[in-house]
Amino acid sequence: MLFRSKRRHQVVVANLTDRAVIAEDGPLGIQRIILLGGARTHRSEYMPSWRDTLSMPQVRDLTDYVMTLPERVDGIRSSTERAYRASRPGYPIEGHRLFLHQCASCHGTEGKGDGRMAGFVYRTRHVRVRDLTDTRYLRTRTDRDLYMVISAGGGANGKSTAMPHWGGYLVPEQIKDLVAYVRSISGTRALAEAQDTR
């Protein structure tokens, strides 16, 4: 894995599915990072040098693979899609309880993107936490869109990696409860799945 140091004593693992991250270094830069490691390429010392472990053909193969990651990641595993389709509709009351426990630290108790961690996310990740009461945005999203972002996280859905994945922590029905709660606080109904252009 490649690492980038944002500040002293703070290490952020590079999102290798992010086209911008991959494009910034390009194939020669990525090959150099693999060979020399993080410390010798102005990154974190936690990224080791692989020069003495991998042959040059292996380094080239690894570089080629890393360069394809942005294209390979649809981000949504078929099992997540099946779980979405198979689970019952969500209940907003249950979603509210889960929201306060799991989501309010970033999104705020009313879902306005003003939770106690929102400022930290902005300072360290340079993204604003989504205001889930934003009717204009949420009326353009299907329930599947919301489910997939909650389940697989932002990075797997072409959004910020600051949004963690909750699949594996929450069961599909709980994720649908959260989707139903977001619908209730945004005053929106789901965009019809047939209108989903993906």
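Parameters at a glance
Residues numbered from 1 in each chain as written. Predicted model: local features only at pLDDT ≥ 70, side-chain atom pairs only at ≥ 80, totals over all residues. Heavy atoms only, no water. Helix = DSSP H or I, 4+ residues; strand = E, 2+ residues; numbered from the N terminus. Buried < 20%, exposed > 50% of the residue type's maximum accessible area, 1.4 Å probe, protein only. Arc of directions from axis to C-beta. Contact = heavy atoms within 4.5 Å. Salt bridge = Lys/Arg side-chain N within 4 Å of Asp/Glu carboxyl O. Expected span 1.5 Å × (residues − 1). Axes fitted to C-alpha atoms, helices over the stretch in contact; angles between N-to-C directions. Parallel < 35°, antiparallel > 145°, perpendicular 65-115°, else oblique. Left-handed = near helix turned anticlockwise from the far one by under 90°. Nonpolar A, V, L, I, M, F, W, Y, C, P; charged D, E, K, R; others polar. Phe/Tyr/Trp six-rings, centres within 6.5 Å; stacked < 30°, edge-to-face > 60°. Lys NZ or Arg CZ within 6 Å of the ring centre and 35° of its normal.

Visitor: Go over unusual backbone geometry with me, naming the residues and quoting the values.
Guide: For H42, which is not glycine, the phi torsion reads 60° and is therefore positive. If you trace the backbone, H42 turns up in the loop between α1 (19–36) and α2 (56–72). Backbone geometry places H126, a non-glycine residue, at a positive phi of 60°. Along the chain, H126 falls in the loop between α6 (118–125) and α7 (135–138). The exposed category is assigned to H126, whose relative accessible area is 55%.

Visitor: I'd love a proper account of helix α4 (residues 92–102), names of residues and values included.
Guide: Listed in full, the buried residues belonging to α4 are G95, L98 and F99. All buried residues of α4 fall inside an arc of 105° around its axis, so they share one side. α4 presents I93 and H101 as exposed residues on the side facing more than 90 degrees away from its buried surface. Against the buried residues of α4 lie α5 (104–107) and α9 (172–186).

Visitor: Describe the pattern of salt bridges, listing the residues and the values that go with them.
Guide: Under the counting rule described, the total for this entry stands at seven salt bridges. The shortest N-O distance in the salt bridge between D177 and R88 comes to 2.8 Å. One end of the pair, D177, is in helix α9; the other, R88, is in the loop between α3 (78–86) and α4, and 89 residues separate them in sequence. Among the residues examined, D177 registers a relative accessible area of 3% and is labelled buried. Its salt-bridge partner being D143, residue R183 comes within 2.8 Å of it at the nearest N-O pair. Of this pair, R183 sits in helix α9 while D143 sits in helix α8 (residues 143–152), and the two are 40 residues apart along the sequence. For R183, a relative accessible area of 8% gives the class buried. One network of salt bridges, in which partners are shared, links E81, R85 and R144.

Visitor: Residues and numbers for α9, please.
Guide: Owing to its 3.6 residues per turn, the α-helix brings residues three or four apart onto one side. End to end, α9 covers 21 Å across 15 residues, agreeing with the expected 21 Å (1.5 Å per residue, within 8%). Where α9 is concerned, the buried positions are I175, K176, D177, L178, V179, A180, Y181, V182, R183 and S186. Packing partners of the buried residues in α9 comprise α3, α4, α7 and α8. The first or second residue beyond α9 is G187, which carries a positive phi of 65°.

Visitor: Describe the packing of α3 against α8, and please don't skip the residues or the numbers.
Guide: The N-to-C vectors of α3 and α8 enclose an angle of 130°; their axes lie 11 Å apart at closest approach. Considering the angle they form, α3 stands oblique to α8. Here α3 runs over α8; the crossing is right-handed. Across the interface between the two elements, T80, E81, A83, Y84 and R85 from α3 touch D143, R144, Y147, M148 and S151 from α8. Residue composition of the contact of α3 with α8, grouped by class: four nonpolar, two polar and four charged.

Visitor: Can you explain the packing of aromatic side chains? Please cite residues and give values.
Guide: Within the structure shown, the criterion is met by three aromatic pairs. Centre to centre, the rings of Y84 and Y147 are 5.1 Å apart; their planes meet at 55°, and the pair counts as tilted. With a gap of 63 residues between them, Y84 in helix α3 and Y147 in helix α8 connect regions that are remote in the sequence. The two residues Y84 and Y147 agree in class, both being buried. Relative to Y169, the ring of W166 has its centre 6.0 Å away and its plane inclined at 70°; by these criteria the two rings are edge-to-face. The class of Y169 is exposed, set by a relative accessible area of 60%. The ring of Y137 carries R130 above its face, with NZ or CZ at 3.6 Å from the centroid. Looking at K176, its charged tip hangs above the ring of Y84, at a distance of 4.6 Å from the centre.

By themselves, these figures tell us nothing about what the structure is for.
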